[in-house]
Amino acid sequence: MTDASPSPSVPVVPPNALEGDRTQPDPNQQVRFRNEGGKLLLLLPPEGEGDGRNTAFHWTEVWQQLKQRLDAGERFWQPETTVHLIARDRLLDGRQLQTIADALTEAKLQLKRVYTSRRQTAVAAATAGYSVEQQATLSHLNQPTQEAAQTMAEPLYLETTLRSGADIHHNGTVIILGDVNAGSAVVADGDILVWGRLRGVAHAGARGNTRCLIMAMQMQPTQLRIADFVARPPETPPAQYHPEVAYVTPERTIRIARAVDFHRGGKE
């Protein structure tokens, strides 16, 4: 009798294993960098509950993926390139935003602007001094959804001073408890209320609503815009400042009135 040599073990493959192996991870569920329209985007996975195939990513997973992307040598960018953070519906506080900014700085990148659909994230980003664009929904930098174009968001309340170079975009009313410095800008689909000095650019009714107002405790704007109408401050500043309101008159021009003399119905 001849002893048969033992045959090499052959792994048993379940019938659906090969089909499963072909399943690729959803790129929308990954932290990733992307060049789009000459901008370097950092896209975070959404914070939603998932659709049965994808689970929600917690902050620790997001942070680990970001470090892996940066450590993996994805250096297709030039040093000191500015980064636009696409946070989607992810809730980020000031500490987490600073952590992201510090990691980018180590990779010789600079966080410049934050796109978010979460009001808390917008407030944290603006307070930290970053430019902010808040939309009701956010899918793509250059392709806002139809819902985002039609929905008026709740007011965005910021307790901060906008530094030069920062700007805020919001599809609702913006209320700022602080100053809007020269070189900064506020663009709102609704009204703009500044409980402080307005020295930068303010654009209310950005989607064409001429009924929107711009109010400030001290009006010293670089430029005022309401819908498609534009106004600049007078060459000679007033001897004394009062709280004022800018609005579009029936003659289709922007006029500035003292707040005590203004009421929305009759506009003086």
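Here's what I pulled together on the structure shown here. The structure presented is a predicted model; accordingly, all values stated were derived computationally and were not measured.

Moving on to unusual backbone geometry. A positive phi angle is found at K108, which is not glycine, with a value near 65°. Take K108: it is sitting in the loop between α3 (94-106) and β4 (109-116). Taking relative accessible area as the criterion, K108 reaches 51% and is therefore assigned exposed. Despite not being glycine, R252 has its phi angle at roughly 70°, a positive value. Inspection of the secondary structure assignment puts R252 in the loop between β15 (244-248) and β16 (254-258). Given a relative accessible area of 47%, R252 falls into the partly exposed group.

This paragraph deals with the nonpolar core. By size, the foremost hydrophobic cluster in this structure holds 54 residues, and its most contacted members are L42 and I214. In terms of residue count, the dominant contributor to this core is α3 (five residues). Apart from residues lying up to four places away in sequence, I214 is in contact with I192, L198, A202, A204, M219, L224, R225, I226, E244, V245 and A246.

How each quantity is defined
Residues numbered from 1 in each chain as written. Predicted model: local features only at pLDDT ≥ 70, side-chain atom pairs only at ≥ 80, totals over all residues. Heavy atoms only, no water. Helix = DSSP H or I, 4+ residues; strand = E, 2+ residues; numbered from the N terminus. Buried < 20%, exposed > 50% of the residue type's maximum accessible area, 1.4 Å probe, protein only. Core = buried A, V, L, I, M, F, W, Y, C linked by side-chain atoms within 4.5 Å. Contact = heavy atoms within 4.5 Å.

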